[in-house]
Amino acid sequence: MSLLTSPPVRRALRPVVTVLDRRIKRLARAENAELRKELELTRQQLSGVSVTTYAIELLLGRAGRGSHRMPTRTQIGKLADEVREVTGVDTAERHIHLAYRTLVVLEALGAGRVAGGTMNVVGKLSTVPLLKPPNDEVLEIGTLHGLFAAGLARQLIRAGHTPGLTIVDPLADVQLQPGHVVGADPSGTPIAEQVVRANLTLSGLPPERLRLHRGFSNAPEVRSAVSDREYGVVIIDGDHSEDGVREDLRWAETITASGGVVVLDDYMDKGWPGVAAAAEKHLAGDTRFTFIGRTATSGFLRAR
């Protein structure tokens, strides 16, 4: 038997042990109370974060558009590098921030959505003005709900231009793509003339600077009506098949101003291989266009 476990020592230590035990219990209760306070505070904070996250999701999430509008810092940094590479402008990131805000505001105010991933859309919106088109005339082939055209107009206005918008689209109630079955639009908004015109008012341009031609870009009557001027910017975002893109590129050769910018939407997008295939074949032939780079899944050409 050790000294500490002998009965006399145990009797002598009992009052000390009792005091220590009481103190330990008091400390435990105090610590538990403090812990409960901390846990309750954490619960309240997490509840607040959950509410905030849900509100942000409603504003920027996938619902109603298919592609979320919540880029990461890394994605923005990568896009800024691409925009700098294409445009030579060191302040690319600032222009990307402005383009991103334009996209978010237009989708919040407008009817429908802007088609495409966030980096693709923001890349186009920020790059086109920085390429300094030779004139203010813009032709968009394929518009969906007209919100991208409105956004590009806003970006050009921000850069000091007074753009004129000419839009060609069949406005067939649903999105048309040869060889692809396109389901109902996630926004629930029809592709219709009244929707496009309503959204274009958000651009801030006067009505006389907006032209909407209903029809396909390969229709002779549409080309006749639209080929009345040279365009500083041509957006090719209609038929994404290889043949369709090649037709639009051949037409763009005849109506793009010297120094003009041609934008190929969904260039190098794995879901639309016809776009890159058409561009490669067209650029291998006799052409006025030079490929100057890409941002996300948008390719940019410059006309001689």
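Residues numbered from 1 in each chain as written. Predicted model: local features only at pLDDT ≥ 70, side-chain atom pairs only at ≥ 80, totals over all residues. Heavy atoms only, no water.

Considerations on the overall build of the protein
Reasoning step 1: In terms of regular secondary structure, the protein is built from 9 helices and 7 strands.
Reasoning step 2: Residue burial in the protein is summarised as follows: out of 304 residues, 44% are buried.
Reasoning step 3: Long-range contacts, defined here as pairs at least 24 residues apart, represent 74% of the contacts in the protein between residues at least 6 apart.
Reasoning step 4: Total accessible area computed for the protein in this model is approximately 16,000 Å², and 56% of it derives from carbon and sulfur atoms. (Helix = DSSP H or I, 4+ residues; strand = E, 2+ residues; numbered from the N terminus. Buried < 20%, exposed > 50% of the residue type's maximum accessible area, 1.4 Å probe, protein only. Contact = heavy atoms within 4.5 Å. Areas by Shrake-Rupley, 256 points an atom, 1.4 Å probe, with all protein chains shown as cover.)

Regarding the side chain of Asp266
Reasoning step 1: Turning to its location among the elements, Asp266 is positioned in the loop between strand E5 (256–265) and helix H9 (273–283).
Reasoning step 2: For the buried Asp266, no salt bridge exists, and the shortest N-O distance to an oppositely charged side chain is 6.7 Å, to Lys124.
Reasoning step 3: There is a polar contact of 2.6 Å between the side chain of Asp266 and the side chain of His240.
Reasoning step 4: Excluding residues within four positions of it along the chain, Asp266 makes contact with Asn120, Asp237, His240, Trp272, Val275 and Thr297. (Lys, Arg positive; Asp, Glu negative; His and termini not counted. Salt bridge = Lys/Arg side-chain N within 4 Å of Asp/Glu carboxyl O. Polar contact = N/O pair within 3.5 Å; in protein donor to acceptor, adjacent residues only side chain to side chain.)

Considering the sheet that holds strand E4 (residues 231–236)
Reasoning step 1: The 7 strands are arranged E3-E2-E1-E4-E5-E7-E6 in an open sheet whose pairing can be described as mixed. Looking at strand neighbours, the two that pair on one side only are strand E3 (210–214) and strand E6 (289–295), the edges of this open sheet. On average, adjacent strands in this sheet sit at an angle of 15° to one another, irrespective of strand direction.
Reasoning step 2: In this structure, strand E2 (residues 164–169) lies alongside E3, joined through 5 bridges in parallel fashion. Each residue of the ladder has a partner; that of Val168, found in E3, is His213.
Reasoning step 3: Strands in contact with helix H6 (residues 193–200) are E2 and E3; relative to E3, the strand with the most contacts, it is inclined by about 165°.
Reasoning step 4: Sheet strands in contact with helix H8 (residues 242–255) are strand E1 (137–141), E4, E5, E6 and strand E7 (298–303), and its direction is about 160° off that of E5. (Pairing = 2+ DSSP bridges. Axes fitted to C-alpha atoms, helices over the stretch in contact; angles between N-to-C directions.)

Quick notes on the pairing of E5
Reasoning step 1: With 8 of 10 residues buried, E5 is to be regarded as a mostly interior element.
Reasoning step 2: Regarding the hand of the β-α-β motif, the stretch spanning E4, H8 and E5 is right-handed.
Reasoning step 3: Two strands pair when backbone bridges link them, and E5 and E7 are joined in this way by 5 bridges, in the antiparallel orientation. What sits directly across from Val262, in E7, is Leu301. (Right-handed = clockwise from strand over helix to strand, strands pointing away.)

A closer look at the pattern of salt bridges
Reasoning step 1: The final tally for this structure, using the stated rule, is 12 salt bridges.
Reasoning step 2: Taking the shortest distance from any N to any O, the salt bridge between Glu137 and Arg209 comes out at 3.5 Å. Remark: Arg209 occurs in the loop between H6 and E3 and Glu137 occurs in strand E1; sequence separation between them is 72 residues.
Reasoning step 3: Residue classification places Arg209 among the partly exposed positions, given a relative accessible area of 24%.
Reasoning step 4: With its nearest N and O atoms 3.2 Å apart, the salt bridge here joins Asp228 to Arg229.
Reasoning step 5: Given a relative accessible area of 29%, Arg229 falls into the partly exposed group.

Regarding helix H2 (residues 73–87)
Reasoning step 1: Over its 15 residues, H2 extends 21 Å from the first C-alpha to the last, a length consistent with the 21 Å expected when each residue adds 1.5 Å.
Reasoning step 2: Against helix H3 (92–109), helix H4 (118–130), E6 and E7 lie the buried residues of H2.
Reasoning step 3: Just downstream of H2, Gly88 is the residue with a positive phi angle, here 75°. (Expected span 1.5 Å × (residues − 1).)

What to know about the packing of aromatic side chains
Reasoning step 1: Counted according to the given criterion, the structure contains 1 aromatic pair.
Reasoning step 2: Here the guanidinium or amino end of Lys124 rests over the ring plane of Phe148, the centre of that ring lying 4.4 Å away. (Phe/Tyr/Trp six-rings, centres within 6.5 Å; stacked < 30°, edge-to-face > 60°. Lys NZ or Arg CZ within 6 Å of the ring centre and 35° of its normal.)

What to know about the nonpolar core
Reasoning step 1: Counting residues in each nonpolar core, the largest one holds 46 residues, and the members touching the most others are Leu152, Leu165 and Leu200.
Reasoning step 2: The next biggest cluster of nonpolar side chains, apart from the first, holds 25 residues, and it includes Ala219, Ile236, Tyr267 and Leu301. (Core = buried A, V, L, I, M, F, W, Y, C linked by side-chain atoms within 4.5 Å.)

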